[in-house]
Amino acid sequence: MEHVFPSDFLWGAATAAYQIEGAVAEDGRGSSIWDTFAAVPGAIVGGATGEPACDHFRRYREDVALLDELGLPAYRFSTAWPRVMPDGRTVEPRGLAFYDKLVDDLLDRGIRPLVTLYHWDLPQALQDRGGWCDRDIVRRFTDYACVVHDRLSDRVAEWTTLNEPFCSAFLGYGVGVHAPGLRDDGAALVAAHHHLLAHGTATRVLRERGGPGHRLSIVLNFSPALADVDDDAHRDAARRFDVLQNLFFLDPVLGRGYPDGLLADVAHLGALEPAIRDGDLATAATPVDWIGVNYYAPTRVVPLADPATPSNCPLPGLRGMDVLPPRGPLTSIGWEQHPESLTDLLVWLGNRCGDIPLVVAENGAAFADVVDPDGRVRDVRRVRYLASHLRAVHAAIGRGADVRGYLAWSLLDNFEWSFGYTQRFGLVHVDFATQRRTVKDSGRFYAQVVADNAVPAG
Ligand code: IFM
């Protein structure tokens, strides 16, 4: 028996500017922190950079045609701040014109555009002034958001401020595996706070500007904490992990302020509390119309008896716990496949978010796909991953979670950040040498799910 989705369920696929566009020096585009980071020896596998990526800047029509061929009703993409404002403040009309053409092309084919304003590619000029650690970034981001919104909001209804501020702040400023590559836990917390403030401020200003059918959102990444042993120490480790990983950004957006225990857990860094000013948490709580949920894998956490023991935990300042190696079956990037966690996450979020609907804004898997001599990509493992995770979403809806859509990550194989071009997440295979696109079996499978509005039973 098939699992049928609600009739108005939104189906689509997602990408991000830096991961697909290439053309990093075209039409006046300014330098981004990812251009700078990619130039650091050893930062990216194989010394890869954002050039050529999928050369989408020049081939966007072909990519929109692929969305159409797959019958996908919605496309989530991000605009590149360094293309629109090369120095972070001055508008480059040619950069804006690119997104204008892209939106028109999507609409001509009846595909609904969902715009994300920030998917990690900060103009380098703003990083030179402190980037997300400088409170002035809030004003800069809001100005940028207004510029893009003023240009596109007559045709674009769906606006997301930030994608995964967790990664931008914690991985970029704390762990140092993302641009700008800082390793400073205190800076990571301050950057995170400013992301929340920028989100809330831009949301308020864009709401005032309005637009036809206009809806505002933020997209957060979640990794449910799994405690292997059912005892107090493991449960406490999972709870503390959950606070920084899953609640840090969610609770302020929901108007709950920073979660219980957070300020105490990071107090030794002396960074977050001094960055919080009166009214900040009210700003972060500016109402949104939906929350985007990005889910790939859970994290298994264990307590450490001695808090001074070094650990692999990627969360700023968190002591006394470690993360265990993921359990197989893994995807090629080394992430655990655990669809049950997606159901549990959506049900839990559904309760916590009250009346605010959810959209799965990213979900997908990387595998080492090859184009067979007959031109097919037989990515059976991705078909299985998608089917099991779509059933997990369906199960969550059955348990009462208000999930309104699913956007597969990703339309195309692309530049997977510090992994360069080694991890293929696409429904469509990209040969980066020739830029040839090949729809994978998973792309065809997903197209059928969308056409049927249903996923086959397992
Ligand atoms: O490729 C990324 C994307 O940019 C943000 N979410 C996770 C994806 C897979 O790592």
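What you see is a predicted model, and the numbers here were worked out from it, not measured in a lab.

**A short note on the packing of helix α3 (residues 56-69) against helix α5 (residues 93-108)**
Then step 1. Taken N-terminus to C-terminus, the directions of α3 and α5 make an angle of 15°; their axes are 10 Å apart at the nearest point. Judged by the angle between their axes, α3 and α5 are roughly parallel. Like other packed secondary-structure pairs, α3 and α5 cross with a definite hand, here right-handed. In this structure, α3 uses His-56, Phe-57, Tyr-60, Arg-61, Val-64 and Leu-67 to contact α5, whose residues at the interface are Phe-98, Lys-101, Leu-102, Asp-105 and Leu-106.

**Quick word on the pairing of strand β6 (residues 215-222)**
Then step 1. The element β6 is largely enclosed, with a buried count of 7 among its 8 residues.
Then step 2. Relative to β6, strand β5 (residues 158-163) runs parallel, the two being bridged by 4 bridges. Opposite Glu-158, over in β6, you have Arg-215 as the bridge partner.
Then step 3. In this sheet, strand β8 (residues 290-295) lies alongside β6 in parallel orientation, the contact comprising 6 bridges. Across the sheet, residue Phe-222 finds its bridge partner in β8, namely Tyr-295.

**Things to note about the sheet that holds strand β12 (residues 403-409)**
Then step 1. As summarised here, the arrangement of the 8 strands in space is β2-β3-β4-β5-β6-β8-β11-β12, forming a closed barrel in which the pairing is parallel. Ignoring which end each strand starts from, the neighbouring axes of this sheet average 25° apart.
Then step 2. Of the pairings in the sheet, the one linking strand β2 (residues 10-14) to strand β3 (residues 74-78) comprises 3 bridges and is parallel in character. Its bridge partner being in β3, Ala-14 is matched across the sheet by Arg-76.
Then step 3. Of the strands in this sheet, β4 (112-118), β5 and β6 are in contact with helix α8 (residues 165-175), which crosses β6 at around 45°.

**Things to note about the pattern of salt bridges**
Then step 1. Here the structure, examined in full by the defined rule, presents 40 salt bridges.
Then step 2. Its salt-bridge partner being Glu-21, residue Arg-83 comes within 2.7 Å of it at the nearest N-O pair. In this pair, Arg-83 is assigned in helix α4 (residues 81-84) and Glu-21 in the loop between α1 (17-20) and α2 (33-38), connecting sequence segments 62 residues apart.
Then step 3. Under the relative-accessibility criterion, Arg-83 is labelled buried at 1%.
Then step 4. In this structure, Arg-300 and Asp-228 form a salt bridge, with 3.0 Å as the shortest nitrogen-oxygen distance. Taken together, the positions of Arg-300 in strand β9 (residues 299-303) and Asp-228 in the loop between β7 (225-227) and α10 (232-247) put the pair 72 residues apart, joining distant regions of the chain.
Then step 5. On the accessibility criterion, Asp-228 (33% relative accessible area) is partly exposed.

The rules behind these values
- Residues numbered from 1 in each chain as written.
- Predicted model: local features only at pLDDT ≥ 70, side-chain atom pairs only at ≥ 80, totals over all residues.
- Heavy atoms only, no water.
- Axes fitted to C-alpha atoms, helices over the stretch in contact; angles between N-to-C directions.
- Helix = DSSP H or I, 4+ residues; strand = E, 2+ residues; numbered from the N terminus.
- Parallel < 35°, antiparallel > 145°, perpendicular 65-115°, else oblique.
- Left-handed = near helix turned anticlockwise from the far one by under 90°.
- Contact = heavy atoms within 4.5 Å.
- Buried < 20%, exposed > 50% of the residue type's maximum accessible area, 1.4 Å probe, protein only.
- Pairing = 2+ DSSP bridges.
- Salt bridge = Lys/Arg side-chain N within 4 Å of Asp/Glu carboxyl O.

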